[in-house]
Amino acid sequence: MTRSQRIAADVCASLRAQTQRTFLMLLGLAVGVAVLSATIVIGQGTEERIMGLVAKHGLDMLMVRAGGEAQVFAPQADRGLAVLVEADARAIEADIPGVELVSAVQNQRDVTVVHEDRSVTTRAFGVEPTWLDIRHRDMAEGEFLSEGDMAAMARVVMLGAKVARGLFPEGGAVGRTVRVGNDPYTVKGVFIEMGVNAGGDDWDDRLVVPVTTSSRRLFNRPYLEQIVIQVSDVRRMPETAERVRNLLRVRHAIAPGRQDDFFVRESEDVENAAVDTSSTVSALSIAVAIVALLASGLVIMNLMLAAVSQRAREIGLRRAMGARSSDIARQFLLESWAVALAGGVVGVTVGIAVATALAAAGVASSRITWMPFAIALVSCTVIGLAAGLLPARKAARLDPVVTLRQRAA
Amino acid sequence: MIDVENLTKSYRKGATATQVLKGVTLRIAQGEFVSIMGRSGSGKSTLLNILGLLDQPDGGRYRLDGIDFSTADDDALSAARNRKIGFVFQQFHLLERASALRNVTLPLLYADGESDDGMARAEMALDAVGLSHRTHHVPSELSGGEQQRVAIARALINRPVLILADEPTGNLDAQAGTEILDIFRRLVTEGRTLVLVTHDMHVAACTDRTLVLDDGRITAERPGAIPSRIPREGRIDRA
């Protein structure tokens, strides 16, 4: 063993020999680290749960609808709602930060699709390839439309699960030809079953074609009913929505004071509120943890300072045995660091255990990553060394001649 | 071994400086067993601290084992204390919560370089003072004499050339004191140099030579080992 290793081993031995004092020193730090790591674990669990909700419900979607606050469906042009165009979608895509994906959307009710002697009347959508990710949909069979389909204004159709069942009770819809309106379309894919959503929309009762196909062939009109947008950060949804609104007001030349001729809807406001609440709670417990950590730093420093006085004779003895004053300083620094690290280990263990228990009880979500460990390591090292600095300096400056003369306590 | 010339030392207490050593000159050869006597305040502890490299003189010269330490820095002094000197104190100064074995290994902590045979050396040192059966006892489980023997084992572990003892028998009963002095005598026989400070004439009488310190000067020097020559009043005749 080298000199440093021997001194470190000696510090550990003396900490073990004084378990009660060591325990008191690390207690505060353990509490602080426990609160901090439980907060992190629960915070990350909540984050993960929210991301799960985002993925499931399309929480990260902004929707621009033609026609202001009115909930109106096609035919748009007849109602004077012919306001949203493809160029609006491209402008949003190009100019607004925080926008991940954009899709122009047309839709029309009561479109009949026929296969042999079966027919289904449903709502048809014209969309872009990005729509699948924006709406968090997936294909059960076949594929979604491609850029090639867009460019070719291809007569391809993707069927909702119910529509597919209605036309092809035996299955095997993909690759077959159906008639939509007056033209034959190839079935390219079938969506996975989604069920009826909270707004009462039955997503299985839909068909989807390329928006180029719908605007030039199926509906034969240029106007859009919607533009759907995926934002990159759910928490900045309101900001992004405001930017979209401002851009469209400019593009549509709406004078100040006049009402919008479109409506920007943020999805799932309730969930956004949940994100806000949980981050407030996190901030509060992190503040508590930081106070606990600072307080425990002071406790360690005070106990170490007291130890320097109590152990003055021991320090003198060590000097007589050949310890340099730097060895004494190192001993006390190592001691407070070791205590702080031990507190950190206890704290992380307890904190993660508590968070896991809360998650198991269904009170909170938890997710264990490297983060609580890293934060505990760093904060305990900083606190331990900072708290040991003053005592170490005091110890190193003791005069062995004076301290050795002191009587036994 | 020890070559001290005209050593002076004063302490400052507030505005007044007290000169404790007023020009001490002495020589101690290797293998000698020397006692330093004197009343309290005579400067004997200060002299011992300087000989032990715990304190630096204001003036004069101190050579230990051929090396002049008058102007050495903390690191050099610490290293020399570790390698060349073993201390034995009146109050034993053992670590209360540590076993005899761990107490004995304490100086090894501060030795330079690698050492892996520390435990074996500590056991040998404890064996040398007759405590091989007490290695895992803490000081409170040991008698005063045993504690002082642990301290001697600790002083021996780095095989120092010089052992300095400050009233080593002061806290012990007569029998334990005699045992300690017997151990010291054996160490001297084995070739070590031993200097002890005492105000007990019986202790001084066990040494080869006694230096009497009075008011910061050596006022008398006489061979020891002849108890009959110790005067009743504690004054020692010039040899």
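All figures in this text were calculated on a predicted structure; none of them were measured in a lab.

Asks: Let's hear about the overall build of chain B: which residues, and what values?
Replies: When its secondary structure is counted, chain B shows seven helices and 10 strands. Per-residue burial over chain B gives 46% buried out of 239 residues. Contacts in chain B between residues at least 24 apart in sequence constitute 66% of all its contacts with a sequence separation of at least 6.

Asks: Residues and numbers for the sheet that holds strand 8 (residues 193-198) of chain B, please.
Replies: Backbone hydrogen bonds hold the strands of a sheet together, and the pairing may be parallel or antiparallel. Residues and elements named next belong to chain B. Spatially, the six strands line up as an open sheet ordered 6-7-8-3-9-10, and their pairing is mixed. Where the open sheet ends on each side, the last strands, each with one partner, are strand 6 (85-88) and strand 10 (217-223). Here the average twist between neighbouring strands, direction ignored, is 20°. Bridge count between strand 7 (residues 162-166) and strand 8: five bridges; the pairing is parallel. Paired with Leu164 across the bridge in strand 8 is Val195.

Asks: Could you give me a rundown of the sheet that holds strand 4 (residues 59-64) of chain B, with the residues and numbers involved?
Replies: All names here are of chain B. Ordered in space as 2-1-4-5, the four strands form an open sheet in which the pairing is antiparallel. Bordering the open sheet on either side are strand 2 (16-28) and strand 5 (67-68), each of which pairs with just one other strand. As judged from the 10 bridges shared by strand 1 (residues 2-13) and strand 2, these two strands associate in the antiparallel manner. The residue bridging Val4 from the neighbouring strand is Leu26, located in strand 2.

Asks: Requested: an account of helix 8 (residues 237-251) of chain A, with residues and values cited.
Replies: Between its first and last C-alpha, helix 8 of chain A extends 21 Å over 15 residues, near the 21 Å set by a 1.5 Å rise per residue. Just downstream of helix 8 of chain A lies Ala253(A), where phi reads positive at about 50°.

Asks: So, the environment of Val83(A): which residues are in play, and what are the values?
Replies: Residues and elements named next belong to chain A. Secondary-structure assignment places Val83 in the loop between strand 1 (61-66) and helix 3 (86-95). The class of Val83 is buried, set by 20 C-beta atoms lying within 10 Å. Apart from the residues lying within four places of it in its own chain, the contact partners of Val83 are Ala66, His252, Asp261 and Phe262.

Asks: Break down the nonpolar core for me, with residues and values.
Replies: Formed by 118 residues in total, the largest nonpolar core has its most connected members in Ala395(A), Val104(B), Leu126(B), Ala153(B), Leu164(B) and Val195(B). Among the elements that line this core, the one with the most residues is helix 2 (residues 19-57) of chain A, at 13 residues. Counting residues in hydrophobic clusters, the runner-up holds 55 residues, among them Val102(A), Leu145(A), Val156(A) and Val178(A).

Asks: Could you give an account of the environment of Asn171(B), naming the residues involved and the relevant values?
Replies: Residue and element names in this part refer to chain B. By the element assignment, Asn171 lies in the loop between strand 7 and helix 6 (174-189). Overall, the presence of 17 C-beta atoms within 10 Å leaves Asn171 in the partly exposed class. Residues in contact with Asn171, not counting those within four places in the same chain, are Gln90, Gln91 and Gly144.

Asks: Give a description of the interface of chain A and chain B that names residues and reports values.
Replies: In this complex, chain A contributes 23 residues to the contact, which on the side of chain B involves 27 residues. Every element with two or more residues in the side of chain A that touches chain B is listed here: helix 1 (3-17), helix 10 (312-320), helix 11 (325-360) and helix 13 (400-405) of chain A. In terms of residues, the side of chain A that touches chain B owes the most to one element, helix 1 of chain A, which gives six residues. When grouped by side-chain class, the residues that make up the side of chain A that touches chain B number 12 nonpolar, four polar and seven charged.

Asks: If you had to explain the confidence of the model for chain A to someone new, which residues and values would you point to?
Replies: Residue and element names in this part refer to chain A. Here chain A averages 86 in pLDDT, while 90% of its residues score no lower than 70. Across chain A, the secondary-structure element scoring lowest on mean pLDDT is helix 9 (residues 269-310), at 77, and the one scoring highest is strand 5 (residues 156-159), at 96. The low-confidence segment residues 74-78 (pLDDT under 50) makes 11 contacts with residues lying over four places distant or belonging to another chain.

Asks: Which residues make up the confidence of the model for chain B, and what values do they have?
Replies: Residue and element names in this part refer to chain B. Taken residue by residue, chain B gives an average pLDDT of 87. The fraction at 70 or more is 92%. Throughout residues 225-239 the model reports pLDDT below 50, and contacts reaching past four residues in sequence, or to other chains, amount to 21 contacts. On the interface metric, ipTM, the complex scores 0.89, and its pTM is 0.67.

Asks: Provide a residue-level description of helix 3 of chain A, including the pertinent values.
Replies: Residue and element names in this part refer to chain A. The set of residues buried in helix 3 consists of Asp88, Ala89 and Ile92. End-on view of helix 3: buried residues confined to an arc of 100°, all on one side of the axis. Away from the buried face of helix 3 by more than 90 degrees, exposed residues Ala87 and Ala94 are located. Residues of helix 3 that are buried in the fold lie against strand 2 (99-115), strand 9 (226-231) and helix 8.

Asks: Kindly report on unusual backbone geometry, identifying the contributing residues and their values.
Replies: Note: most residues except glycine have negative phi, and most peptide bonds are trans. The phi dihedral of Met153(A) is positive, around 50°, even though this residue is not glycine. For Met153(A), the position within the fold is in the loop between helix 5 (147-152) and strand 5. Looking at Met153(A), the number of C-beta atoms within 10 Å reads 17, which means it is partly exposed. Phi is positive for Asp215(B), which is not a glycine, with a value near 50°. If you trace the backbone, Asp215(B) turns up in the loop between strand 9 (209-214) and strand 10. Judged by the 14 C-beta atoms lying within 10 Å of it, Asp215(B) falls in the partly exposed class.

Asks: Describe the packing of helix 1 of chain A against helix 3 (residues 100-109) of chain B, naming the residues involved and giving the relevant values.
Replies: At their nearest, the axes of helix 1 of chain A and helix 3 of chain B sit 10 Å apart, and the two run at 150° to each other. For the element pair helix 1 of chain A and helix 3 of chain B, the recorded crossing hand is left-handed. Residues Arg6(A), Ile7(A), Asp10(A) and Ala13(A) of helix 1 of chain A pack against Arg102(B), Leu108(B) and Leu109(B) of helix 3 of chain B. When grouped by side-chain class, the residues that make up the contact of helix 1 of chain A with helix 3 of chain B number four nonpolar, no polar and three charged.

Asks: Which residues make up the pairing of strand 2 of chain A, and what values go with them?
Replies: All names here are of chain A. With six bridges connecting them, strand 2 and strand 9 associate as antiparallel partners. Residue pairing for strand 9: Ala104 is matched across the bridge by Ile227. Examined bridge by bridge, strand 2 and strand 3 (residues 118-127) share eight bridges and lie antiparallel to one another. Bridged to Thr112 within strand 3 is Thr121. The loop that links strand 2 with its antiparallel partner strand 3 comprises two residues; one of these, Glu116, has a positive phi angle of about 50°.

Criteria and cut-off values
Residues numbered from 1 in each chain as written. Chains lettered and ligands numbered in written order. Predicted model: local features only at pLDDT ≥ 70, side-chain atom pairs only at ≥ 80, totals over all residues. Helix = DSSP H or I, 4+ residues; strand = E, 2+ residues; numbered from the N terminus. Buried ≥ 20, exposed ≤ 12 C-beta atoms within 10 Å, placed from the backbone. Contact = placed C-beta atoms within 7 Å. Pairing = 2+ DSSP bridges. Axes fitted to C-alpha atoms, helices over the stretch in contact; angles between N-to-C directions. Expected span 1.5 Å × (residues − 1). Core = buried A, V, L, I, M, F, W, Y, C linked by C-beta atoms within 7 Å. Nonpolar A, V, L, I, M, F, W, Y, C, P; charged D, E, K, R; others polar. pLDDT = per-residue confidence, 0-100. Arc of directions from axis to C-beta. Left-handed = near helix turned anticlockwise from the far one by under 90°.

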